[in-house]
Amino acid sequence: MREITYREAVREALREEMKRDESVFLLGEDIGVFGGSYKVTLNLIDEFGAERVLDTPLAEEGIVGTAIGASMVGMRPVAEIMYIDFSTLSYDMTINLAAKLRFMSGGKLKLPLVIRTQEGGGVSAGPQHSQCLEAIYGHIPGLIVVLPSTPYDAKGLLKSAIREDNPVVFIEHKGMYGMKGNVPEEEYTIPLAKGDIKREGTDVTVVALSRSVIFALEAAEKLQLENISVEIIDPMTIKPLDEDIIIESVKKTGRLVIVHEACKMYGFGAEIAATVADKALDYLDAPIKRVAALDVPIPFGMRLENFVLPNVEDIIKAVKQTML
Amino acid sequence: MKLNNSTIKDIYLMMKSCRAFEERAIAELRKGMPGFIHSSVGAEAIPCGISPFLNKEDYILTTHRGHSDIIARGANFKKVMAELYAKETGYCRGVSGSMHIAALDLNILGATGIVGSGIPLASGVALGSKLKKTDQVTVCYLGDGSTCTGAFHEGLTFAAAFDLPVLFVLVNNQYEESTHWTYWGGRLKNLAERANGYGIEGISVDGNDAIAVAEVASKIIPKIRKGKGPVLLEGVTYRIYGHHMGDPGVGYRTKEEIESWKAPDKDPIKRLLNYLLKNNLITEEEDKEIDVKLNDELDDSVQFALESKEVEPEAAFANSVYCGRDAFNLSKI
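Residues numbered from 1 in each chain as written. Chains lettered and ligands numbered in written order. Predicted model: local features only at pLDDT ≥ 70, side-chain atom pairs only at ≥ 80, totals over all residues.

Asker: Just to check I follow, could you spell out the overall build of chain A for this structure?
Answerer: Of regular secondary structure, chain A possesses twelve helices and 14 strands. Rg of the C-alpha trace for chain A: 19 Å, near the compact-globule value of 20 Å for 324 residues, within the 12% margin. Over its C-alpha atoms, taken along the principal directions, chain A stretches across nearly 60 × 45 × 40 Å. Within the span of chain A, comprising 324 residues, buried residues form 59% of the whole. The contacts in chain A between residues at least 6 apart in sequence include a share of 79% that link residues at least 24 apart. (Helix = DSSP H or I, 4+ residues; strand = E, 2+ residues; numbered from the N terminus. Rg over C-alpha atoms; globule rule 2.2 N^0.38 Å. Buried ≥ 20, exposed ≤ 12 C-beta atoms within 10 Å, placed from the backbone. Contact = placed C-beta atoms within 7 Å.)

Next comes the structure, spelled out in structure tokens:
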């Protein structure tokens, strides 16, 4: 099968959906000729024109608010927020409006809207350009929150997100844009709200998110050399959450490690741990472990950043702790 | 107000310092210094024209593109370079980097990488000075793109509502990342017109004419200090490099356009040098000596940064995430 990058996979999904449905359009800062800060939308303006690849003023609240408005009248906007850190500027629109307008209309309005953004550290971008904020969106009823970890998933999930009639927050990872993976030429979609088993195993379940899936896979390879068999579950959509795939795995392995790049307190890991404690406590043979960033702002400089962010070694250590 | 010659010459020296620092920082970045640089090359006349009229007690806040703003305010080459190199001897112990330098000993309250977010902060700083009944002025540097944000609107609304002693310095380098300001602001003659919406004074000057900037600054800063209310001062300039050094800066604008802004009649440093030469305020030899001296100082600053240590991770977060409390949950597992 052909290999393309995560960036190209996202772009292909956008292109195919724009071709398929004229109501799909893109808006965001510098997404036109510039092709976006991470070049995801590069050249799409040539193919679809400046109206459907709409460069906007630097105003996140305006971007998301405008996208919501357009979605209320049947358009399918895909808004790009350059960094998830900047999406804090559009919380009001996302949390108070996108997530609630359908309910407030008595269940009548459709909001077919995607907010694409990217998160994560690893490039010395410092405290205001490196955060992982998915848990904030996961907390809000009315939103669907997706974090793809491979090019294949990114393309299939984004196509589904664009066809979805609810607001979707689609969170890419800046550290994965150049990563290559198998993506078929043929049309496919991946359903939202369904998890994926990224590796089968029998001893320990690792639930990982976004780029942490890549680290977990590497850790699993190393652990296999020590005869520890790790099963890796990638929920892909964190809201709604595919609880069954996690519970089933934990019932099989009896051990659970959760990995994410966001800091630990009140994070995605806490939700998974609570869910498993609630629904599969009797199956657990060891305490649940979470691997996450330290509870500090992301510092500038690689040495400090590496100290703060979870890595392969941390995952190995946590898995072994559940095997004691 | 007529500027005296020594002020004009000081402004020139300051502009050279800003330019030399930035060019060296870019060279170091290309040699492997970490992070990003959003270069302020080309816009030096604006902070250098303003800074001479500030008191030591006045405050400044700046942006991700703020190296010249802080150097014009007296920031130390070594401490800035060390910060860029993520070293403990930097202004923020190397945890903050190019985009977020604060130098509290110089009343440089910091820079922020979230466009526009410094604007309401500046109103708050000015409110503090007003409540404390000091005569401090706050200078808030902002870019053209930031005038699109809600923070700009709200920050100026507050400044106007409470007659705050704040000078909003709009460094219009014409490009918001890749987007020319007329793409969204084309109905305006200039961005100083935005001031009309708040009933405050808006002034637009040629931001590459250091003397013009300084003449305006020398008039309005004393007025602001006397409590006559905030002013929005736009300096029209040009961003010579790309959005950051990873952006070649072309595609959305032409090479010819960029070159035209480097010409002797456009570049702010060349323009002021011509003025100084014409008026016998400097000689070519003296100008070359300044370059040599700056080069030596920058050599020292790089050596200082390279020889400095990175902050120890354990120490980096003690008393820095919280004041008076250690960070907690310092375990990844």
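Next comes the rest of the description.
Asker: What is the right way to look at the interface of chain B and chain A in this model?
Answerer: By a frequent convention, interface size equals the accessible area lost on bringing the separate parts together. Counting residues at the interface gives 37 residues for chain B and 39 residues for chain A. The class makeup of the residues in the side of chain B that touches chain A is 19 nonpolar, 14 polar and four charged. (Nonpolar A, V, L, I, M, F, W, Y, C, P; charged D, E, K, R; others polar.)

Asker: When you look at the domain arrangement of chain A in this model, what are you seeing that I'm missing?
Answerer: Residue and element names in this part refer to chain A. As assigned here, chain A comprises domain 1 (3–182) and domain 2 (196–323). On a C-alpha basis, the centres of domain 1 and domain 2 stand 26 Å from each other. Contacts between the two partners involve 24 residues from domain 1, matched on the other side by 24 residues from domain 2. Elements that contribute at least two residues to the side of domain 1 that touches domain 2 include exactly α6 (134–138), β6 (144–146) and α7 (151–163). Residues of the side of domain 1 that touches domain 2, tallied by class, amount to eleven nonpolar, eleven polar and two charged. (Domains from an automatic or database assignment.)

Asker: How should I be thinking about unusual backbone geometry in this particular structure?
Answerer: Most peptide bonds take the trans configuration, and most residues that are not glycine carry a negative phi. Put simply, K239(A) and P240(A) share a cis peptide bond, and its omega is -5°. Of note, P240(A) is situated in the loop between β12 (237–239) and α9 (243–253). Positive phi, close to 60°, is recorded for N107(B), a residue that is not glycine. The residue N107(B) is located in the loop between α4 (77–84) and β2 (108–112) in this model.

Asker: Please explain the packing of α9(A) against helix α10 (residues 268–280) of chain A as it appears in this structure.
Answerer: Working note: a packed helix pair is described by the angle between its axes plus the distance between those axes. All names here are of chain A. At a closest axis distance of 10 Å, the pairing of α9 and α10 adopts a crossing angle of 65°. Two packed elements cross with a definite hand, and for α9 against α10 that hand is right-handed. Here E243, I246, I247, V250 and K251 of α9 lie close against α10, whose contacting residues are I272, T275, V276, K279 and A280. Across the contact of α9 with α10, the residue classes tally to six nonpolar, one polar and three charged. (Axes fitted to C-alpha atoms, helices over the stretch in contact; angles between N-to-C directions. Left-handed = near helix turned anticlockwise from the far one by under 90°.)

Asker: Just checking my understanding: could you explain the sheet that holds strand β8 (residues 231–236) of chain B for this structure?
Answerer: Whenever strands of a sheet pair, they do so through backbone hydrogen bonds, lying parallel or antiparallel. All names here are of chain B. With parallel pairing, six strands are arranged side by side in an open sheet as β2-β1-β3-β4-β8-β7. With partners counted over all chains shown, the strands left at the sheet margins are β2 and β7 (201–206), one partner each. Strand-to-strand, the axes of this sheet are offset by a mean angle of 20°, without reference to chain direction. (Pairing = 2+ DSSP bridges.)

Asker: Mind showing me how you'd approach the confidence of the model for chain B here?
Answerer: Confidence along chain B averages 96 in pLDDT terms, with 100% of residues attaining 70 or more. Across the interfaces of the predicted complex, the ipTM metric reaches 0.90, alongside a pTM of 0.94. (pLDDT = per-residue confidence, 0-100.)

Asker: Would you mind going over the nonpolar core with me for this structure?
Answerer: As a rule of thumb, nonpolar side chains are buried together in soluble globular proteins. Within the largest apolar cluster, 198 residues are counted, with the highest numbers of intra-cluster contacts made by V146(A), V206(A), A216(A), I315(A), V319(A), L167(B) and V169(B). Tallying contributions element by element places helix α1 (residues 5–30) of chain B first for this core, with nine residues. In terms of domain composition, this core takes at least three residues from each of domain 1 (3–182) and domain 2 (196–323) of chain A. Discounting chain neighbours no more than four positions away, the residues touching V169(B) are I46(B), I50(B), V139(B), C140(B), Y141(B), L142(B), L233(B) and G235(B). (Core = buried A, V, L, I, M, F, W, Y, C linked by C-beta atoms within 7 Å.)

Asker: Can you help me understand the pairing of strand β2 (residues 24–28) of chain A in this one?
Answerer: Consecutive side chains along a regular strand alternate between the two faces of the sheet. Residues and elements named next belong to chain A. Along β2, five of the five residues are buried, which leaves the element largely enclosed by surrounding structure. Judged by which residues are buried, β2 turns out to be covered on both faces: V24, L26 and G28 on one side and F25 and L27 on the other are all buried. The pairing of β2 with strand β4 (residues 76–81) spans five bridges and is parallel. Counted as the bridge partner of V24 is R76 from β4.

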